[in-house]
Structure formats: structure tokens, C-alpha cells
Amino acid sequence: MTIKKFLTESYRSPVGAALLTLILPYIYAIFTNKDWIAVIYNIPKEIWIFLAILLLLWIITISIRRKMSFYHSPYGIVPTFGWINVGEWEYDGVIWKARTPNPGPFPDKKPSIYIENTPRCPICKTELEQSDKFYWYSWSCVRCSFRKITWNTFSKVKKRVEKIVKRNIEVAEEEYFIKHGNK
Ligand SMILES: [Zn+2]
């Protein structure tokens, strides 16, 4: 674990820092033969307020970074016969293209729907870019002025869209079944 990761992802670090704030005057008191409580008591109020604000900001930073974290799976399928676009959905203010592997010479297989990893600009449909601004992600279009601030990554929202689309297809199939019976 890198220091940056430790400082931004674990609640242990601010808790540790708070404890250290109490332990350091104690060590100081031992070496100077002073009363520990008196040492703490003599620390100016402004320093306590400063430390409290620092601690609060630190905890807020960790909460936000945790909310922003998402495991990104590096694996994806590469279909032999390429993709067929099957539609697009607007979700979270951007466009998500849905596609299915081209079945090639085996068209009887029931196709699965996949959502493109990168969403499209809602204005000009260009693939968006994502950059990590530490406290948020910026999704921006290189072709027009579209820009969006979010705590979610492309992959997190993509997974959600995939769930919704999958359910929409199930609903359509169920409705078809009710109307026409099995097959
Ligand atoms: Zn655009």
C-alpha cells in the first residue's frame, strides 16, 4: 500500500493521527518531567480547532475517495465476427450504446447485450473522456463543450446500465410470453 493510498483510503490514518495528538504531549511530558494533563491543557485552543478541522477534512476526503473507488475489470470479450449495435440508452445524463456479438454463421444462439465501456456525449455522441480530479471525476467531450462532474466511474455506471437493459429485455420477453404463449 502506497502512502497516498494509506492517507486517502483508510480510516485508520486519521484515527491514528488523533491518537498521536494525545500521545505526543504524553511523551513530551515524560521527557520534560511535566504533568501530561497540564501539557495538553496548555495547548492553545486555536491549535485544537485547527487539528479538529484538519481531522474532519481528512475523514471527508477518505469518504469521498471511497465512494469514488471502483474495481475495474480489465477483461472484456472480443467477438470473432465483431459487434452489432442494437440501440442506445440515456442514463446518468450521457448516452450508452448497447451492442451484441455478431453471431456470424451461427445465428440461432440467443444474443447477449453488452454496453460499451465508454459512454457518449449527449450532445454530439462522441466518446467521452474521464479524468480523476481527486475529489471527483470529470467526464468531458473533446468535440463540444459538454462536461459533467461525478463521483462515479464509467465502469460503475456501465454496470448499472447493463443491469437495467438486461431487465428491460426480460420484461419484454415476459410480456411477449403473456401475449403469445411459449414460442
Ligand atoms: Zn460532445
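In this text the structure is predicted, and so the values were computed from the model without any measurement. The residue numbers shown here count from 1 along each chain, following its written sequence. For this predicted model, a pLDDT threshold of at least 70 governs which residues receive local features, and a threshold of 80 or more governs which side-chain atom pairs are given and counted, while totals over whole chains, interfaces and linings are taken from all residues.

Q: Give a detailed account of the sheet that holds strand S6 (residues 147–150), specifying residues and quantitative values.
A: Taken in spatial order, the three strands line up as S4-S5-S6 in an open sheet, and their pairing is antiparallel. Each edge of the open sheet is held by one strand with a lone partner, namely strand S4 (129–132) and S6. When strand polarity is set aside, the average angle formed by the axes of neighbouring strands in this sheet is 20°. The pairing criterion for strands is at least two bridges between them, as found by DSSP. Only runs of H or I of at least four residues qualify as helices and only runs of E of at least two qualify as strands under DSSP, and these elements are numbered from the N terminus. The pairing of strand S5 (residues 137–140) with S6 spans four bridges and is antiparallel. The residue of S6 that forms the bridge with serine 138 is isoleucine 149. For helices, the fitted axis covers only the stretch in contact; all axes are lines through C-alpha atoms, and the angles between them, taken along N-to-C directions, range from 0 to 180 degrees.

Q: Explain unusual backbone geometry to me, and be specific about the residues and the numbers.
A: Not every positive phi belongs to a glycine, and aspartate 92 is a case in point at roughly 60°. On the secondary structure map, aspartate 92 appears in the loop between strand S1 (83–91) and strand S2 (94–101). We call a residue exposed when 12 or fewer other C-beta atoms sit within 10 Å of its C-beta, buried when the count reaches 20 or more, and partly exposed for counts in between; the C-beta positions come from the backbone. Residue class for aspartate 92 comes out partly exposed when judged on the 17 C-beta atoms lying within 10 Å of it. Look at lysine 125: it is not a glycine, yet its phi comes out positive at around 65°.

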